[in-house]
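# Observations on chain architecture
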Amino acid sequence: MIKVLYFAKLREDLGKGSEELSLPGEVTTVAALRAHLMARGANWQSALGPGAALRVAVNQEVAEASAPVRAGDEVAFFPPVTGG
Amino acid sequence: MGIRVQTEDFDIAREIAALRATNPKVGAVASFIGTVRDVNDGSAVATLTLEHYPGMTEKALAGIVAEARSRWRIIDVTVIHRVGELKPLDQIVLVVVVGEHRGDAFAACEFLMDYLKTRAPFWKKEQTPAGSRWVDARGSDDIAAERWAKPKRDAA
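For the structure given in this document, a descriptive report is provided here. (Residues numbered from 1 in each chain as written. Chains lettered and ligands numbered in written order. Predicted model: local features only at pLDDT ≥ 70, side-chain atom pairs only at ≥ 80, totals over all residues.)

## Here's the deal with the pairing of strand β10 (residues 131-134) of chain B
Residue and element names in this part refer to chain B.
- Across 4 bridges, the pairing between strand β9 (residues 122-128) and β10 is antiparallel. Along β10, the bridge assignment pairs Lys 125 with Trp 134.
- Following β9, the chain reverses through 2 residues before pairing antiparallel with β10. (Pairing = 2+ DSSP bridges. Helix = DSSP H or I, 4+ residues; strand = E, 2+ residues; numbered from the N terminus.)

As structure tokens, then:
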């Protein structure tokens, strides 16, 4: 299982802030997880698709698309940050 | 050093006094406060809601402070960022840097704000007369942060 978190506009567009997910065997990277989630439907496709400005963190550290994802990880998807 | 993410307001005088009280070597105090404006991108802003990523936010801020300490000669830092619902005139963020001399304190304070704005996981949502909208990240903030990139060393 992994924990997936969504923040800000993404959380609203997807209608959820977090979920637990069992990781299919072929999903071993951030990019693969994103593709796996996009396959859920049009809403997910547009929120996580290539046109979406997205940032990803694995275990609370900013991660690239090629970063590994393993059971027990916490993966977060969010828009570019706007604090300060 | 203190890093706090909180809904409550803060008092800069009290925060500066706390940093100075324990550090008699301090000869310079540099600070920045960010506040809520009543207009943004041409629309009146009634309220501003700040969301963050608990856990990662504190880690990201600690990493940014550690980076500032490695680059400049400074003695101590306080960073406070508010979350939740704010309104125009409210304070959003405070950075205080104390050091021996002003040059490093000024630079570290500006660096901390530039990195906080582009690296700490906070998001702003504005409530305007036309409805609510998430604030878009600004390219000018990325450019401000890139100024601090370390020059790459040429291969000898």
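Resuming the write-up.
## Re the nonpolar core
- Counting 53 residues, the largest nonpolar core has A:Phe7, A:Ala76, B:Ile64, B:Val95, B:Val97 and B:Leu112 as the members making the most contacts within it.
- The element best represented in this core is helix α3 (residues 102-119) of chain B, accounting for 8 residues.
- Aside from chain neighbours lying at most four places away, what touches B:Val97 is B:Ala30, B:Ile74, B:Val77, B:Ala105, B:Ala108, B:Cys109 and B:Leu112. (Core = buried A, V, L, I, M, F, W, Y, C linked by C-beta atoms within 7 Å. Buried ≥ 20, exposed ≤ 12 C-beta atoms within 10 Å, placed from the backbone. Contact = placed C-beta atoms within 7 Å.)

## As for the interface of chain B and chain A
- Counting residues at the interface gives 22 residues for chain B and 13 residues for chain A.
- If you list the elements that add at least two residues to the side of chain B that touches chain A, you get β5 (47-52), α2 (56-71), α3 and β9 of chain B.
- Take the side of chain B that touches chain A: its biggest share by element is 5 residues, from α3(B).
- Residues belonging to the side of chain B that touches chain A are distributed by class as follows: 13 nonpolar, 4 polar and 5 charged. (Nonpolar A, V, L, I, M, F, W, Y, C, P; charged D, E, K, R; others polar.)

## Here's the deal with the sheet that holds strand β8 (residues 91-99) of chain B
Residues and elements named next belong to chain B.
- The strand order β1-β6-β8-β2 describes an open sheet built from 4 strands, whose pairing is mixed. Since the sheet does not close on itself, it has two edges, and those belong to β1 (2-6) and β2 (28-35), each with one partner. Direction aside, neighbouring strands of the sheet carry axes that sit 5° apart on average.
- Most of the contacts of helix α1 (residues 12-21) go to β8, to which it runs at about 25°, and overall it touches β2, β6 (76-82) and β8.
- Those strands touched by α2 are β1 and β6, and its axis lies near 150° from that of β1. (Axes fitted to C-alpha atoms, helices over the stretch in contact; angles between N-to-C directions.)

## Concerning the sheet that holds β10(B)
All names here are of chain B.
- The strand order β7-β5-β9-β10 describes an open sheet built from 4 strands, whose pairing is antiparallel. Strands at the two margins of the open sheet, each flanked by one partner only, are β7 (84-86) and β10. Along the sheet, successive strands turn relative to each other by an average axial angle of 25°, direction set aside.

## Topic: the packing of α2(B) against α3(B)
Residues and elements named next belong to chain B.
- It is at 10 Å that the axes of α2 and α3 come closest, and there the two elements cross at 150°. It follows from the interaxial angle that α2 and α3 lie roughly antiparallel. Crossing geometry of α2 relative to α3 is assigned as right-handed. On the side of α2, the interface is formed by Ala 60, Leu 61, Ile 64, Val 65 and Ala 68, while α3 contributes Ala 108, Phe 111, Leu 112, Tyr 115, Leu 116 and Arg 119.
- Looking at side-chain class alone, the contact of α2 with α3 contains 10 nonpolar, no polar and 1 charged residues. (Parallel < 35°, antiparallel > 145°, perpendicular 65-115°, else oblique. Left-handed = near helix turned anticlockwise from the far one by under 90°.)

## Some thoughts on the pairing of β8(B)
Residue and element names in this part refer to chain B.
- Among the 9 residues of β8, 7 are classified as buried, and the element is accordingly described as predominantly covered.
- One ladder, built from 8 bridges, connects β2 with β8; its direction is antiparallel. The residue of β8 that forms the bridge with Ala 28 is Gly 99.
- Pairing of β6 with β8 involves 6 bridges; the strand directions are antiparallel. For Val 79, the partnering residue across the bridge sits in β8 and is Val 95.

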